[in-house]
Each structure stands twice: as structure tokens, then as C-alpha cells.
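Structure at a glance
What follows is each chain in one-letter form.
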Amino acid sequence: QVQLVESGGGLVQPGGSLRLSCAASGDISSINVMGWYRQAPGKQRDVVASISSTTGINYVDSVKGRFTISKDDAKNTVYLQMNTLKPEDTAVYYCNAASLRDLGTSRTDYWGQGTQVTVSS
């Protein structure tokens, strides 16, 4: 099992910044991909950014140039630096870790508890 603990959410004005952190523990040796998802009220949970050990970093178009995902392997922690925040970024942000096995034919996902990000003036 893998446990993910998130922190760093909060209330920020438009144009402001936040940094989310996600600390992973447990059986993390099998994790290939980590990322951040977000879910606004009444909407589905969508990927925001991800970092893969094989394919690198990807972002959803709406956050490109504003958000940066990074990983500190020594601390087993992934970060999401969010700059130039917009009201439409308001959502619960979830850390995700995934283990892909058998050439990607099998996948196990682990989720953090979620942290609220509210962008409002």
C-alpha cells in the first residue's frame, strides 16, 4: 500500500500563488507516475499535471506556463507550484500515485485526501 498526504491548499487572490505538497510513504518502490488532479463542484476529477519516470512531465493546457510539477526523490514528495492563479483553478486538488505493471497493462492508483484551493477576490 501507498499513503499520500497532501498539504498547502488555501485561499488566495487571483494572480497569487500556492505550492501544494504530497508526501508519499509505504510501498513506493513500484510507483512510476505521480501527479495532481482537481475536482470542482459538479465536475469530474481531471488530471492537472503528472510526472512519469519514463515519459516525463505533462500538463493540462489550461495550466501550462502557470503551474510547475516537481519531485524530490530524497523526501518522497511531489510538489505543484501554482502561479498566476485564476478563479477557475478553484477546486479540491488530489495527489495521485500510480503503479503501472506488465508494460502498462495493469495499473494501481493511490490518492491523497485532497486539499482545497480557492481563488477568489
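Structure shown above.
Here we summarise the structure given alongside this text.

**A closer look at the overall build of the protein chain**
Scanning the protein chain from terminus to terminus reveals 0 helices and 11 strands. Written out in order from the N terminus, the α and β elements of the protein chain read β-β-β-β-β-β-β-β-β-β-β. Taking the principal axes of the C-alpha coordinates as reference, the protein chain spans close to 45 × 25 × 25 Å. Looking at the protein chain as a whole, 39% of its 121 residues are labelled buried. In the protein chain, once contacts between residues fewer than 6 apart in sequence are set aside, the share between residues at least 24 apart is 55%. Carbon and sulfur atoms make up 48% of the accessible area of the protein chain, which amounts to about 6,500 Å² in all.

**As for the side chain of threonine 115**
Tracing the sequence through the fold places threonine 115 in strand E11 (residues 115-119). Contacts of threonine 115, omitting those with residues within four sequence positions, involve Glu6, Gly8, Gly9, Leu20, Ala91, Val92 and Tyr93.

**Re the layout of surface pockets**
Taken as a whole, the largest pocket spans an internal volume of roughly 160 Å³. Along the walls of the largest pocket sit 13 residues, with Arg38, Ala40, Lys43, Asp46 and Glu88 positioned nearest its centre. Put simply, the parts of the chain that give the lining of the largest pocket at least two residues each are strand E4 (33-39) and strand E5 (46-52). The leading source of residues in the lining of the largest pocket is E5, at 3 residues. A class-by-class count of the residues in the lining of the largest pocket yields 5 nonpolar, 4 polar and 4 charged.

Reading the values: the criteria
Residues numbered from 1 in each chain as written. Predicted model: local features only at pLDDT ≥ 70, side-chain atom pairs only at ≥ 80, totals over all residues. Heavy atoms only, no water. Helix = DSSP H or I, 4+ residues; strand = E, 2+ residues; numbered from the N terminus. Buried < 20%, exposed > 50% of the residue type's maximum accessible area, 1.4 Å probe, protein only. Contact = heavy atoms within 4.5 Å. Areas by Shrake-Rupley, 256 points an atom, 1.4 Å probe, with all protein chains shown as cover. 1 Å grid on protein atoms, 1.4 Å probe; cavity = no way out; pocket = protein on both sides within 12 Å on 5 of 7 lines; lining within 4 Å. Points joined across faces, edges and corners; volume = space filled by probe spheres on them. Nonpolar A, V, L, I, M, F, W, Y, C, P; charged D, E, K, R; others polar.

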